[in-house]
Amino acid sequence: MKVGRRWKSLLAGTALLGAFIYGCHSMTTGWETITTTFAKTDKPYGGGAFRVRDNRVISLKLAEQPITFKPRGEQKSPGVAEPTEAWMNDSSERLNRRSVVFLKGTLTGELARTFEQPGQDAAWWYSGDWRTIFISTGWMDYKAPKPNGLAPQFTKLWRSSDGGQHWAQLNWPEDREIEQLMFLDPQRGYAVGWGPHVWRTADGGQSWHEIKVPPLAADAGKPRKTFSAVNLGPDGVLRAAYYVNQFGDTKASSFVYRIAWSQTEFEQDVVLPGQVVVDLQSSPQTAPRYSLYALSRLGTPRNIDDVRDNGHRTGALSTWESVPHPSVKQEHTFDDRLMLDGLSVGKDGVLLVYATDASGDGAPRDLTFLSKNFGKSWEELDDGFAQGGYFDPETNTQYALFAYTLKKRQF
């Protein structure tokens, strides 16, 4: 999991404003308030990428150093706020002083910081019992020279074996950036980073072996290229999606490749012609098989050099099963006014799609769409503004943070 993406994945806020969108009818489902003082004592404000189990809470967040100001009598220009220290006026220095923070505690008590390291980016993984936790921290020097146009980036990897109380730094090369950490269990897992690169460990992160990425996934001229989406299925099969203009006789498609733990090389799973994958998720069921879902934008990637290309594309949800040589079915399309952001997949056909509507004259509206029948029909959720949250696929429970008020609802 990666820190820094929209709340559908981890951190940022979601405004769920009511509208009649593409044949989906607006609805409001009941929220249950859990607490009105969530993470209130930890500054700066924010719940981070939090998880809740019974009364326990863990959270990973990005924190800035506080900015303070001189008393009025010490200001050079009366009435003009002046930071206490010079670095507070330097945007690069402020970025350099950000940190990655891990907190743990209870809903009824305070959250305590048990981990804090310099970083503007992070990824994490936690075991089902929260006993084992991995955190990668990415720190970029925004004040250093950029000979190739890219700021230097340094990555460190950490592990806790006691629920986040104590941490040990693992042996990880600093120049290997980590986008995602995904594990089958506390010993076996994957790290995926820029390039893209994929590494595998079988000893709890003590050593790593790099796996060759699928054909045309990497580009020598783009050292920080990433996969469009990555998913680790409930059976331990890793899948990676990426877009290529042409691959043999196939043009303008997204390819999804897969690798089982027993395999040493990726093999092709499915091809999604004329699509750019936004997110790739699997259903939590494993017997006798499970479903894969790809949320995509139809057409080609946005041309950032063309001012006429606003990035709007018709959205699509495609699905297939975890069997050899599966067939793909395009289950649903979404209006091209919507910018698709992410996807959550739960049990018994529950799907959530997150999107932004920036087609109006006002501020962009963040919307959530719900399906309870495997994507065949959809409802729009109208819930107001949330600053963060997540979806638990094992229980079909959605959590949302409204200021200090934490709420949940089950589908």
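Residues numbered from 1 in each chain as written. Predicted model: local features only at pLDDT ≥ 70, side-chain atom pairs only at ≥ 80, totals over all residues. Heavy atoms only, no water.

### Overview of the environment of Ile34
Locating Ile34 in the fold gives a position in strand E4 (residues 32-35). Separated by 371 residues in the primary sequence, Ile34 and Thr405 have C-alpha atoms spaced 7.5 Å apart. (Helix = DSSP H or I, 4+ residues; strand = E, 2+ residues; numbered from the N terminus.)

### Quick word on the packing of aromatic side chains
Taken as a whole and assessed by the stated rule, the structure comprises 23 aromatic pairs. Their ring planes at 85 degrees and their centres at 6.3 Å tell us that Phe183 and Trp208 sit as a pair that is edge-to-face. Of this pair, Phe183 sits in strand E13 (residues 180-183) while Trp208 sits in the loop between strand E15 (197-201) and strand E16 (209-211); the two residues are 25 residues apart in sequence, bridging distant segments of the chain. Take Phe183: its relative accessible area is 6%, and that puts it in the buried class. Note on Phe334 and Phe369: the rings are 6.0 Å apart at their centroids and 55 degrees apart in plane angle, and the pair reads as tilted. (Phe/Tyr/Trp six-rings, centres within 6.5 Å; stacked < 30°, edge-to-face > 60°. Buried < 20%, exposed > 50% of the residue type's maximum accessible area, 1.4 Å probe, protein only.)

### With respect to the pattern of salt bridges
The full count for this structure, using the stated rule, is 16 salt bridges. A salt bridge links Asp42 to Arg113; the shortest N-O distance between them is 2.8 Å. Of this pair, Asp42 sits in the loop between E4 and strand E5 (49-53) while Arg113 sits in strand E8 (residues 111-118), placing them 71 residues apart in sequence. As a salt-bridge pair, Asp185 and Arg188 come within 2.8 Å of each other at their nearest N and O atoms. If you follow the salt bridges from partner to partner, you end up with Asp42, Lys61, Arg113 and Glu116 in one network. (Salt bridge = Lys/Arg side-chain N within 4 Å of Asp/Glu carboxyl O.)

### A short note on the nonpolar core
Residues Tyr190, Val198, Phe227, Val230, Leu238, Tyr242 and Phe266 are the most contacted members of the largest nonpolar core, which totals 18 residues. Those elements that provide at least two residues to this core are strand E14 (189-193), strand E17 (229-232), strand E18 (238-247) and strand E19 (250-259). Core analysis: the next-biggest nonpolar cluster, separate from the first, contains 15 residues, Val278, Leu340, Val345 and Trp378 among them. (Core = buried A, V, L, I, M, F, W, Y, C linked by side-chain atoms within 4.5 Å.)

### With respect to the layout of surface pockets
Quantified by volume, the second largest pocket comes out at close to 760 Å³. Considering the residues around the second largest pocket, the lining is formed by 23 residues, among which Lys225, Ser228, Tyr243, Val276 and Pro301 are closest to the centre. Where the lining of the second largest pocket is concerned, the elements lending two or more residues are E18 and strand E21 (275-282). With four residues, the top contributor of residues to the lining of the second largest pocket is E18. Of the residues that constitute the lining of the second largest pocket, the class distribution is 11 nonpolar, five polar and seven charged. (1 Å grid on protein atoms, 1.4 Å probe; cavity = no way out; pocket = protein on both sides within 12 Å on 5 of 7 lines; lining within 4 Å. Points joined across faces, edges and corners; volume = space filled by probe spheres on them. Nonpolar A, V, L, I, M, F, W, Y, C, P; charged D, E, K, R; others polar.)

### Side note on the confidence of the model for the protein
Summary statistics for the protein give a mean pLDDT of 88 and a share of 92% for residues scoring 70 or more. pLDDT under 50 marks residues 4-28. Its contacts with residues more than four places away, or in other chains, come to 107 contacts. (pLDDT = per-residue confidence, 0-100. Contact = heavy atoms within 4.5 Å.)

### Quick notes on the sheet that holds E13
Two pairing modes exist for strands in a sheet, parallel and antiparallel, and in both the strands are linked by backbone hydrogen bonds. Spatially, E13-E14-E15-E16 is the arrangement adopted by the four strands of the open sheet, whose pairing is antiparallel. Both edges of this open sheet fall to E13 and E16, since each of them pairs with a single strand only. Direction aside, the axes of adjacent strands within the sheet are offset by 25 degrees on average. The pairing of E14 with E15 spans five bridges and is classified as antiparallel. Following the sheet pairing, Gly193 is matched in E15 by His197. (Pairing = 2+ DSSP bridges. Axes fitted to C-alpha atoms, helices over the stretch in contact; angles between N-to-C directions.)

### Considering the sheet that holds strand E20 (residues 267-273)
If you walk across this open sheet you meet the four strands as E17-E18-E19-E20, and the pairing is antiparallel. Each edge of the open sheet carries a strand with a single partner, namely E17 and E20. Sheet twist, expressed as the average angle between the axes of neighbouring strands with direction ignored, equals 30 degrees. Pairing of E17 with E18, which is carried by four bridges, proceeds in the antiparallel orientation. By the bridge assignment for E18, Ala229 is matched with Ala241.

### A short note on the side chain of Ser127
Assignment of secondary structure puts Ser127 in the loop between strand E9 (121-126) and strand E10 (133-140). Among the residues examined, Ser127 registers a relative accessible area of 5% and is labelled buried. In terms of polar contacts, Ser127 uses its side chain to reach the backbone amide nitrogen of Arg131, at 3.2 Å. Excluding residues that lie within four positions of it along the chain, Ser127 makes contacts with Thr132 and Pro186. (Polar contact = N/O pair within 3.5 Å; in protein donor to acceptor, adjacent residues only side chain to side chain.)

### With respect to the side chain of Thr405
Relative to the elements of secondary structure, Thr405 occurs in strand E32 (residues 405-410). Assessed through its relative accessible area of 19%, Thr405 is described here as buried. When near neighbours in sequence (up to four residues on either side) are disregarded, Thr405 contacts Thr33, Thr35, Thr36 and Ala400.

### A few points about unusual backbone geometry
Put simply, Lys43 and Pro44 share a cis peptide bond, and its omega is 0 degrees. By the secondary structure assignment, Pro44 is in the loop between E4 and E5. The step from Gly195 to Pro196 runs through a cis peptide bond, and the omega angle for that step is -5 degrees. By the secondary structure assignment, Pro196 is in the loop between E14 and E15. Even without being glycine, Ala39 reaches a positive phi, approximately 55 degrees. Position of Ala39 among the secondary structure elements: in the loop between E4 and E5. Exposure remark for Ala39: the relative accessible area of 10% places this residue in the buried category. For Leu216, which is not a glycine, the phi torsion comes out positive at approximately 65 degrees. Positionally, Leu216 belongs in the loop between E16 and E17. Exposure remark for Leu216: the relative accessible area of 46% places this residue in the partly exposed category.

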